[in-house]
Amino acid sequence: MKDKYDDIDEYIADLRAEIEKSENCANHHYNLGVALLHKRDFVAAEESFLSAVRNSPRLAEAYVQLGGICLQRGDLDGCLRYNEEAAQCRAKFPVPWSNIGFVHLQRGEPEEAVKALKKALKWDPDFIQAMATLGAAYYMQGDYESSIQISREAIKREPGFGPAYNNLALAHFERGEFAQAVQFADQAAACGFEVRPEFLKELEAHR
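Residues numbered from 1 in each chain as written. Predicted model: local features only at pLDDT ≥ 70, side-chain atom pairs only at ≥ 80, totals over all residues. Heavy atoms only, no water.

### Thoughts on the UniProt feature "repeat: TPR" (unreviewed entry) in the protein
In step 1: Here the UniProt-annotated "repeat: TPR" (unreviewed entry) positions come out as residues 94–127 and 128–161.
In step 2: Counting secondary structure, residues 94–127 comes out at 79% helix and 0% strand; the distance between its end C-alpha atoms is 8 Å.
In step 3: For the annotated span residues 128–161, helix accounts for 82% and strand for 0% of the residues, and the straight-line distance between the end C-alpha atoms is 8 Å. (UniProt positions renumbered as here; feature names shortened; annotations may be inferred. Helix = DSSP H or I, 4+ residues; strand = E, 2+ residues; numbered from the N terminus.)

Pasting the structure below:
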């Protein structure tokens, strides 16, 4: 195979040719899955990642990708199952722990979310997405101080990270600190984060 491709379709064709020569190469199946994701061909990508894990059952990245495909179609149980599989393959891999935390948060299980997200940050203390999701989990638990603290840490690392500003807005609002809530909601929106319309409506009375 060539080292560099300008055309993703050429890259996909070459990968498929390599797979015909060596059906058991998990890396080729994985790379093909990633390329197919770029073309938003989720069905074919899923088949490729499944082939990858059949050939290399401990390929954690492939399980994470399968979890992402499940999430894309709204299958939270599938997303959780595949990310748990990835975490079993490689316990110190922060991405599946962050994804596990996100799924638990979506299912209204903040305590489980906090546990998983703390594991993600244990293995990668600078994992911005995990920080923001942990901030949301703390908020859901009613622990506004912890939500504010971790969200501020996220902003220190990435000043333009909208979800962290949104967490700050929500937590300050619940503490009755409305001027700060308005400020942070505006910053979240300025960073491209879609603040919930219902929350914005509540904030209007405090502007």
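### Regarding the nonpolar core
In step 1: Phe 49, Ala 62, Leu 121, Leu 134, Phe 199 and Leu 203 are the most contacted members of the largest nonpolar core, which has 66 residues in total.
In step 2: Once residues within four sequence positions are removed from consideration, Leu 134 is found in contact with Val 114, Leu 117, Leu 121 and Ile 150. (Core = buried A, V, L, I, M, F, W, Y, C linked by side-chain atoms within 4.5 Å. Buried < 20%, exposed > 50% of the residue type's maximum accessible area, 1.4 Å probe, protein only. Contact = heavy atoms within 4.5 Å.)

### Some details on the environment of Glu 61
In step 1: Assignment of secondary structure puts Glu 61 in helix 4 (residues 60–72).
In step 2: Considered as a pair, Glu 61 and His 38 are 23 residues apart in the sequence and their alpha carbons are 16 Å apart.
In step 3: Sequence-distant contacts of Glu 61, that is, excluding residues within four places in its chain, are made with Tyr 30, Arg 90 and Phe 93.

### Remarks on the packing of aromatic side chains
In step 1: Taken as a whole, this structure holds six aromatic pairs when the rule is applied.
In step 2: For the pair Tyr 139 and Tyr 144, a centre-to-centre distance of 5.6 Å together with 45° between the ring planes defines the contact as tilted.
In step 3: The class for Tyr 144 is partly exposed, based on a relative accessible area of 23%.
In step 4: Considering the side-chain rings of Phe 173 and Phe 199, the 5.4 Å spacing of their centres and the 85° angle between planes classify their relative orientation as edge-to-face. A residue pair is termed long-range when its members are at least 10 positions apart, and Phe 173 in helix 10 (residues 162–174) and Phe 199 in helix 12 (residues 197–204) qualify at 26 residues. For the pair shown, Phe 173 and Phe 199 are each scored as buried.
In step 5: In textbook terms, an aromatic cluster arises when at least three aromatic residues are bridged by ring pairs, as seen for Phe 173, Phe 178 and Phe 199.
In step 6: Lying across the ring of Tyr 82, Arg 81 places its NZ or CZ 5.2 Å from the centre.
In step 7: The ring of Phe 93 has Arg 90 sitting right over it, with the charged end atom 4.4 Å from the ring centre. (Phe/Tyr/Trp six-rings, centres within 6.5 Å; stacked < 30°, edge-to-face > 60°. Lys NZ or Arg CZ within 6 Å of the ring centre and 35° of its normal.)

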